[in-house]
Amino acid sequence: MQNNNLNQPAKQDPFAWVKVFQAENGLEANIIKGLLKSKGIESQLQGELLQGALGEIPFEQTGVDILVYALKERQAQEILLNYRQLKQSAPDWVCPKCHELNGATFEICWSCGTVKNDESE
Ligand SMILES: [Zn+2]
């Protein structure tokens, strides 16, 4: 015997995972995950290629969804709004030492640790 409560209004579970952002790739997804974590928000990454994968997310992963608890959705969106503004104002940069491309939100090269230098010659 089934008991489907179809007539009841959907009540949002505060611990349901909701999508708040779609990252361009695994690298950005991890930046955002770290950003949210620094504000005390747990997040979960979800992408098509992640299914069945254990542990590490490849940096070339594309279209990664960032999910947070419904409870934290509003707070996460404020953080992401700031992130997007920062991202628009600061372009990606290439490390002068190892020539790796770094995301705008990185202060140091993810590959070799060289500090970002905004000086122009
Ligand atoms: Zn570097």
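Residues numbered from 1 in each chain as written. Predicted model: local features only at pLDDT ≥ 70, side-chain atom pairs only at ≥ 80, totals over all residues.

Under an unreviewed UniProt entry, the name given to the protein chain is DUF2007 domain-containing protein, and the organism recorded is Pseudoalteromonas gelatinilytica.

Asker: Now, about the overall build of the protein chain: what can you tell me, with residues and values included?
Answerer: Helix and strand content of the protein chain: 2 helices and 5 strands. In the protein chain, the succession of helices and strands from N to C terminus is β-α-β-β-α-β-β. In the protein chain, which comprises 121 residues, the proportion classed as buried is 17%. Within the protein chain, counting contacts between residues at least 6 apart in sequence, those at least 24 apart form 53% of the total. (Helix = DSSP H or I, 4+ residues; strand = E, 2+ residues; numbered from the N terminus. Buried ≥ 20, exposed ≤ 12 C-beta atoms within 10 Å, placed from the backbone. Contact = placed C-beta atoms within 7 Å.)

Asker: Provide a residue-level description of the packing of helix H1 (residues 26-38) against helix H2 (residues 73-89), including the pertinent values.
Answerer: Where H1 meets H2, the axes come as close as 11 Å, and the angle between the chain directions of the two elements is 125 degrees. Judged on the interaxial angle alone, H2 and H1 are oblique. Note that H1 runs across H2; the crossing there is right-handed. Where H1 approaches H2, its residues Ile 32, Leu 35 and Leu 36 are matched on the opposing element by Ala 76, Ile 79 and Tyr 83. For the contact of H1 with H2, the class distribution of residues is 6 nonpolar, no polar and no charged. (Axes fitted to C-alpha atoms, helices over the stretch in contact; angles between N-to-C directions. Parallel < 35°, antiparallel > 145°, perpendicular 65-115°, else oblique. Left-handed = near helix turned anticlockwise from the far one by under 90°. Nonpolar A, V, L, I, M, F, W, Y, C, P; charged D, E, K, R; others polar.)

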